[in-house]
Amino acid sequence: MPMTDTARNQITIILATGNCDKVRELRPLLENISPLFRVFALHEIGTDVEIEETEATLEGNALLKARAIFDLLAERFPFMIALADDTGLEVESLNGAPGVYSARYAPMHAGESPTYKDNVNHLLHSMNGIANRTARFRSVLALKGSLPSLQGPFLFEETADGVVHGSITLEPKGDAGFGYDPVFLVDSTGKTYSEMSMAEKNALSHRSLAVQQAIVALKDILAGHSIPLTDTNASL
Ligand code: ITT
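My aim in this report is to walk through the structure given alongside it, one point at a time. (Residues numbered from 1 in each chain as written. Predicted model: local features only at pLDDT ≥ 70, side-chain atom pairs only at ≥ 80, totals over all residues. Heavy atoms only, no water.)

## With respect to the sheet that holds strand β7 (residues 191-192)
How we decide: By definition, two strands form a pair when at least two bridges between them are found by DSSP. Strands here are runs of E lasting at least two residues and helices are runs of H or I lasting at least four, both read from the DSSP assignment and numbered beginning at the N terminus. Between two residues, a contact is recorded if the distance between any of their heavy atoms is within 4.5 Å. Every axis corresponds to a line fitted to the C-alpha atoms, with the helix fit spanning only the stretch in contact, and the corresponding angles, defined between N-to-C directions, vary from 0 to 180 degrees.
Spatial strand order, β2-β1-β3-β4-β5-β6-β7: seven strands in an open sheet with mixed pairing. Each edge of the sheet is formed by a strand with only one pairing partner; in this case those strands are β2 (37-41) and β7. Each of β1 (11-15), β2 and β3 (80-91) touches helix α1 (residues 20-33); the most contacted strand, β2, lies at about 170° to it. Of the strands in this sheet, β1, β2, β3, β4 (134-147) and β5 (154-168) touch helix α5 (residues 206-224), which is tilted by about 155° from β5.

What follows is the structure, given as structure tokens:
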């Protein structure tokens, strides 16, 4: 599979995540930005790998994941962008927890991973009786890429983030989404993410804000390397 089709200036993006729910959200977010992007999940290119998140920050873990997938696939796909997402729910009255530990918040037996429901229940339990329910969702995206240009191939790394302010409900509301969506009430809408369609969530989410910021940075990087973007439909 060619990773860049220079004739049409297509850019291949590999989503460096094992989380199918993130893939479902990221794919339309990226593809709607530019028809030049060809987006692949790891399983679509036959890669099954779990990267341990060993850093103490969302930025650190996002970079770790993007670098690991880039390094793993660089030989196979000389031109591509590995894009990783690390997301955390930060609750004010819990001093920013679960934060970077959002995926592993509920205590489990050794070797077991909590489900989304385990984490949501643990969060509601931890906040029992707490009046201040202010929270924010933060996504950090990291991009590591190698692309061709008129001056020759070049490497780059970039991070971007997006924040949405809200609060934690007293009980789950709505059926859509994933993770903590049923208990995260978005200030600007008065709805939980789970009460929104994916298109509604994608119009305002922490992840979509991070994608928008990443695209601005990517656009600058491409312009700096005189990469011609000739597709007239491209909004990039
Ligand atoms: P990867 O590292 O493979 O990308 P992950 O699920 O481990 O997948 P994170 O560490 O970024 O990814 O995720 C933290 C957790 O936060 C995730 O498992 C969900 O429970 C939750 N989460 C992430 N994005 C969310 C969103 O948009 N809405 C609700 N919960 C979300």
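## What about the packing of aromatic side chains?
As a reminder of what qualifies: Classification of ring pairs uses Phe, Tyr and Trp, with its six-membered ring standing for Trp, and accepts pairs whose centres are within 6.5 Å; under 30 degrees between planes counts as stacked, over 60 as edge-to-face, and the remaining range as tilted. The cut-offs for exposure are 20% and 50% of the maximum accessible area for each residue type, with area from a 1.4 Å probe on protein chains only; residues under the lower value are buried, those over the upper are exposed, and the others partly exposed.
Overall, the coordinates contain five aromatic pairs when judged by the stated rule. On the numbers, 4.9 Å between centres and 70° between planes, the contact of F137 with F184 is edge-to-face. Placement of the pair is F137 in strand β4 and F184 in strand β6 (residues 184-186), with a sequence separation of 47 residues. For F184, a relative accessible area of 0% corresponds to the buried category. Aromatic rings pair up to connect F137, F184 and Y193 into one cluster.

## Thoughts on the site of the ligand
Filter applied, for reference: A cutoff of 4 Å decides nearness: a residue is near a molecule or strand if any of its heavy atoms lies inside that distance of it. Two N or O atoms count as a polar contact when they lie within 3.5 Å, although within protein this holds only if one can serve as hydrogen donor and the other as acceptor, and sequence-adjacent residues are included solely when both atoms are side-chain atoms. Areas reported as accessible are Shrake-Rupley estimates using a 1.4 Å probe. Residue values count occlusion only from the protein chains shown. Residues are sorted three ways: Asp, Glu, Lys and Arg are charged, Ala, Val, Leu, Ile, Met, Phe, Trp, Tyr, Cys and Pro are nonpolar, and all the rest, Gly among them, are polar.
Neighbouring the ligand are 20 residues; T17, K22, E53, K65 and D181 lie closest to it. Here an oxygen atom of the ligand and a side-chain polar atom of K22 are 2.7 Å apart. In the complex, the protein chains occlude 90% of the 610 Å² of accessible area that the ligand would expose alone. Put simply, the parts of the chain that give the shell around the ligand at least two residues each are β3 and α5. Sorting elements by how many residues they give to the shell around the ligand places β3 first, with three residues. Here the shell around the ligand is built from residues that sort into five nonpolar, seven polar and eight charged.

## Description of α1
Structurally, the α-helix is built with 3.6 residues per turn, so residues lying three or four positions apart point the same way. Put simply, the rule reads: What a helix should span is 1.5 Å times the count of its residues minus one.
End to end, α1 covers 20 Å across 14 residues, agreeing with the expected 20 Å (1.5 Å per residue, within 8%). Backbone nitrogen of D21 and a side-chain oxygen of the N-cap are separated by 2.8 Å at the start of α1; the cap is N19.

## Concerning the nonpolar core
The tendency in soluble globular proteins is for nonpolar side chains to be buried as a group. Operational definition: As used here, the term nonpolar core means buried Ala, Val, Leu, Ile, Met, Phe, Trp, Tyr and Cys residues forming a set that is joined through side-chain atoms within 4.5 Å.
In this structure, L30 and F37 are the most contacted members of the largest nonpolar core, which totals 27 residues. Those elements that provide at least two residues to this core are β1, α1, β2, β3, β4, β5 and α5. In terms of residues, this core owes the most to one element, α5, which gives seven residues. In this structure, L58, F77, V140 and A142 belong to the second largest nonpolar core, which totals 19 residues.

## Description of the environment of F37
Among the secondary structure elements, F37 is positioned in strand β2. Here the alpha-carbon distance between F37 and A103, two residues 66 residues apart in the chain, equals 29 Å.

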